[in-house]
Amino acid sequence: MLNAPSRVLDLGSTVRLVPPWMRKAVLATYDTCAYDTCPIPATWCEMDHVHPWAIHHSTKLDDIAPACDHHNRDRAKNPHSYRAQRRSDGRWHITSVTQRYRS
């Protein structure tokens, strides 16, 4: 039996930035950025709130995914250009939404 302290997995609105222990848990799950087929290693990524913190005010382990600088900033500027889906293994996969217009 491990004698490790337990951690609350939902920090709610008290914490916006992902703490180091939560980052380690996310990095144990992802190899790369969670966006499309982005090859950036997860260890180089920022931690992204899948459900934007500015709207939901919640930091939960289940809603954090690694995002490279480009994808994290672009999604913040263009939130409707991306769609997040949880895979069967519990990881998030975020894809670009391309709208096609008929002429």
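Up top is the structure.
Let me begin by describing the structure that accompanies this report. (Residues numbered from 1 in each chain as written. Predicted model: local features only at pLDDT ≥ 70, side-chain atom pairs only at ≥ 80, totals over all residues. Heavy atoms only, no water.)

1. Considering helix α3 (residues 69-77)
Residues His-71, Asn-72 and Arg-75 constitute the buried set of α3. Seen end-on, α3 carries its buried residues on one side only, within an arc spanning 100°. In α3, the exposed positions that point more than 90 degrees away from the buried face belong to His-70, Ala-76 and Lys-77. Check the buried side of α3 and you find it contacts β1 (46-49), β2 (64-67), β3 (82-86) and β4 (92-96). (Buried < 20%, exposed > 50% of the residue type's maximum accessible area, 1.4 Å probe, protein only. Helix = DSSP H or I, 4+ residues; strand = E, 2+ residues; numbered from the N terminus. Arc of directions from axis to C-beta. Contact = heavy atoms within 4.5 Å.)

2. A look at the environment of Arg-83
One can find Arg-83 in strand β3. Arg-83 gets classed as partly exposed once you look at its relative accessible area, which sits at 45%. Put simply, Arg-83 and Tyr-35 are 48 residues apart on the chain and 9.6 Å apart in space, counted from C-alpha to C-alpha. Those residues in contact with Arg-83 that lie beyond four places of it in its chain are His-93, Ile-94, Thr-95 and Val-97. A polar side-chain atom of Arg-83 sits 3.0 Å from a polar atom in the side chain of Gln-85. (Polar contact = N/O pair within 3.5 Å; in protein donor to acceptor, adjacent residues only side chain to side chain.)

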